[in-house]
Amino acid sequence: MLGYSIKEIAAALNVSPAVLKKRLYDARRTLRTSLHVSNVVTVFHDLYEGGAKMLHIVNGDHVGETLKRAAIPGDVLVWREVYPVGPAFLDMEDRECRTMRAAYLEREMGIPANDYVRVCEEQERELGRFGTYDEVVMWFEHDLFDQTMLWYLLRWFAGRPLGRTKLSLLCIGEFPGIDRFRGLGQLTVEQLETLSGTWRPVGRREFETGAKLWEAYASPSLETHALALSCDTSALPYARSAFRWHLARLPSVRNGLGIVEQTTLVALRDGARAATDLFRDVGDRIGDLGMGDMEYWHRLRSMAERPKALIRFVDEAERPSTCSAANTLPVSARRVELTVFGRTAEAGETDAIREIEMDEWYGGLRLDGRIDWRWDAKTERAVLQI
């Protein structure tokens, strides 16, 4: 009833799947003799066959656990990726590309490379068994974090014969009674249950749009990224907005900084802040990025570690300290303040990227060394900087 798989129930009860199957068979047989209903055939099918086999793909462990507790039948696959961070490639399963991405995530976010590779392989094996299900439902939100997952998965499914499996999509950007909707993780079991059955079938237009956007997102060409905004993305209502947020992360015409760095400097303008408070403040201002805390700590470290730092971390005695290997305090436990250079950049008085050694990935676009263009969000195009 709660959607747990045979494997999960067996593990919880500390028995083998074979023993569990025998127990379930006996239980169903006993229950059938006790039921007094008019439509015995339908009830028998639901109890013995389990009804339609469904697989739900969600974006995080919290949503996955809530969905398992809801009265929504089916297995749950939590897709564990963070595509807005680090290099993205057309084929994320390519061994060489995976090795490069794993090394980046270990270096910049502290995710052990072996763990990352293992999780990827496990979830891909689960996804590869989609043909054993009658329906696969993807649960995603409006923000960039979720939309990149959606684009990737739509392209993945578009390249495979679905057979008898039906692919469906539930994608929302709001929920009744929640003024500031940030995502499915905010919803209770009861609220998630109200969404059951509201998903829509995925058709040719959704497949084509998702594939096109992932190909643009994973491209090493700035022009390809920019051209994505001129495509018809109406099949996926939140796609264009999400792609605009992606491009807003690029060096801007105002001061050479992306939206995360700019928003952080603005939030710090009036004084030092605890990193956790800063994360919440910045998240409220640019919530459509769907940026998690690990990604934000990475961005803060980057702003502090560059040869010309925009911010600095301050310890409990209010003494400036560098973010070095000797400093064992995690970013989340620090206080943050602007440097003089950061104040100049926040005021738009300098083109900060000219003085910062940049080496960063945004999807398939690598920004390394001297960047001779800036992103103009108003005109939605790149402007050459001389």
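These numbers come from a predicted model, not from an experiment.

How each quantity is defined
Residues numbered from 1 in each chain as written. Predicted model: local features only at pLDDT ≥ 70, side-chain atom pairs only at ≥ 80, totals over all residues. Heavy atoms only, no water. Helix = DSSP H or I, 4+ residues; strand = E, 2+ residues; numbered from the N terminus. Buried < 20%, exposed > 50% of the residue type's maximum accessible area, 1.4 Å probe, protein only. Contact = heavy atoms within 4.5 Å. Areas by Shrake-Rupley, 256 points an atom, 1.4 Å probe, with all protein chains shown as cover. Pairing = 2+ DSSP bridges. Axes fitted to C-alpha atoms, helices over the stretch in contact; angles between N-to-C directions. Parallel < 35°, antiparallel > 145°, perpendicular 65-115°, else oblique. Left-handed = near helix turned anticlockwise from the far one by under 90°. Nonpolar A, V, L, I, M, F, W, Y, C, P; charged D, E, K, R; others polar. Core = buried A, V, L, I, M, F, W, Y, C linked by side-chain atoms within 4.5 Å. Salt bridge = Lys/Arg side-chain N within 4 Å of Asp/Glu carboxyl O. Arc of directions from axis to C-beta. Patch = residues over 30% accessible without salt bridge, like charges linked within 9 Å, V, L, I, M, F, W, Y side chains within 5 Å. Lys, Arg positive; Asp, Glu negative; His and termini not counted. Charge placed at Lys NZ, Arg CZ, Asp CG, Glu CD. pLDDT = per-residue confidence, 0-100.

Q: Just checking my understanding: could you explain the overall build of the protein for this structure?
A: Along its length, the protein carries 15 helices and 14 strands. Taken over 386 residues, the protein has a buried fraction of 47%. The contacts of the protein with a sequence gap of at least 6 include a subset with a gap of at least 24, amounting to 64%. With the model as given, the accessible surface of the protein reaches about 19300 Å², and the carbon-plus-sulfur share is 52%.

Q: Explain the sheet that holds strand β3 (residues 86–87) to me, please; I cannot follow it from the model alone.
A: Strands belonging to one sheet form pairs held by backbone hydrogen bonds; the direction of such a pair is parallel or antiparallel. Overall, mixed pairing links the 3 strands, which are arranged β3-β11-β12 in an open sheet. The strands lining the two open edges of the sheet, one partner per strand, are β3 and β12 (365–368).

Q: So what exactly am I meant to see when it comes to helix α12 (residues 259–268) here?
A: Along an α-helix, residues three or four positions apart point the same way, because every turn accommodates 3.6 residues. With respect to burial, α12 is a largely interior element, 8 of its 10 residues being buried. Buried within α12 are the following residues: Val-260, Glu-261, Gln-262, Thr-263, Thr-264, Leu-265, Ala-267 and Leu-268.

Q: Sorry, what's going on with unusual backbone geometry here?
A: When glycine is set aside, most residues are seen to have a negative phi, and most peptide bonds are trans. Positive phi, close to 60 degrees, is recorded for Asn-14, a residue that is not glycine. Locating Asn-14 in the fold gives a position in the loop between α1 (6–13) and α2 (17–34). Using a relative accessible area of 72% as the deciding quantity, one classes Asn-14 as exposed.

Q: Just to check I follow, could you spell out the packing of α12 against helix α13 (residues 275–285) for this structure?
A: The relative placement of two packed helices comes down to the angle between their axes together with the axis-to-axis distance. Two elements in contact, α12 and α13, have axes whose closest approach is 10 Å; the angle formed by their N-to-C orientations is 120 degrees. By the criterion of interaxial angle, the relationship of α12 to α13 is oblique. The handedness of the crossing between α12 and α13 is right-handed. Residue-level contacts link Thr-263, Thr-264, Val-266, Ala-267 and Leu-268 of α12 to Leu-278, Asp-281, Val-282 and Arg-285 of α13. Tallied by class, the residues present in the contact of α12 with α13 amount to 5 nonpolar, 2 polar and 2 charged.

Q: I keep staring at the nonpolar core and nothing clicks. Help me out?
A: Proteins that are soluble and globular tend to have nonpolar side chains buried together. Core analysis: the largest hydrophobic core is formed by 88 residues, its most contacted members being Ile-57, Met-138, Trp-151, Phe-157, Leu-300 and Ile-311. With 10 residues, helix α7 (residues 144–158) is the single largest residue contributor to this core. Listed in part, the 21 residues of the second largest apolar core include Met-54, Ala-70, Ile-178 and Leu-184.

Q: Sorry, what's going on with the pattern of salt bridges here?
A: Two side chains carrying opposite charge are able to pair once their charged atoms lie near each other. A full pass over the atoms with the stated rule returns 28 salt bridges. Between Asp-281 and Arg-273 there is a salt bridge; the shortest N-O distance is 3.2 Å. Accessibility expressed as a relative area gives 16% for Asp-281, which makes it buried. Its relative accessible area of 23% is what places Arg-273 among the partly exposed residues. A salt bridge links Asp-281 to Arg-285; the nearest nitrogen and oxygen atoms lie 2.9 Å apart. Of the two residues, Asp-281 and Arg-285 both sit in helix α13, 4 residues apart, roughly one turn of that helix. Among the ionic contacts, a cluster of salt bridges with common partners joins Glu-8, Glu-65 and Lys-68.

Q: It is not clear to me how helix α11 (residues 239–248) should be interpreted in this structure. Could you clarify?
A: Within α11, burial applies to Ala-239, Ala-242, Phe-243, His-246 and Leu-247. Looking straight down α11, one finds that the buried residues subtend no more than 140 degrees of arc, so they occupy a single side. Contacts made by the buried residues of α11 are with α7, α9 (204–217), α10 (222–227), β11 (359–363) and β13 (373–376).

Q: When you look at a negative patch on the surface in this model, what are you seeing that I'm missing?
A: The grouping of Asp-91, Glu-93, Asp-94 and Glu-96 at the surface amounts to a negative patch. Position of Glu-93 relative to the elements: it lies in the loop between β3 and α5 (95–109).

Q: Quick question: what am I supposed to make of the confidence of the model for the protein here?
A: Detailed reading of predicted coordinates is not advised where the pLDDT is low. The predicted model of the protein has a mean per-residue pLDDT of 89, with 90% of residues at 70 or higher. A low-confidence stretch, residues 37–51 (pLDDT under 50), is modelled with 14 contacts involving residues beyond four sequence positions or located in other chains. Every residue in residues 320–326 scores below 50 in pLDDT, and together they form 9 contacts with partners more than four places removed in sequence or on other chains.

Q: Please clarify how the sheet that holds strand β6 (residues 200–201) should be interpreted in this entry.
A: Read across the sheet, 5 strands follow the order β2-β1-β4-β5-β6 without closing on themselves; strand pairing throughout is mixed. The open sheet is flanked by β2 (75–78) and β6, the only strands paired with a single partner. Against the sheet, α7 touches β1 (54–58), β4 (135–141) and β5 (166–172), its axis set at about 155 degrees to β4.

Q: Teacher, can you tell me more about the side chain of Thr-148 here?
A: Relative to the helices and strands, Thr-148 is located in helix α7. The class of Thr-148 is buried, set by a relative accessible area of 0%. When neighbours within four sequence positions are excluded, Thr-148 is seen to be in contact with Tyr-83, Pro-84, Trp-214 and Tyr-217.

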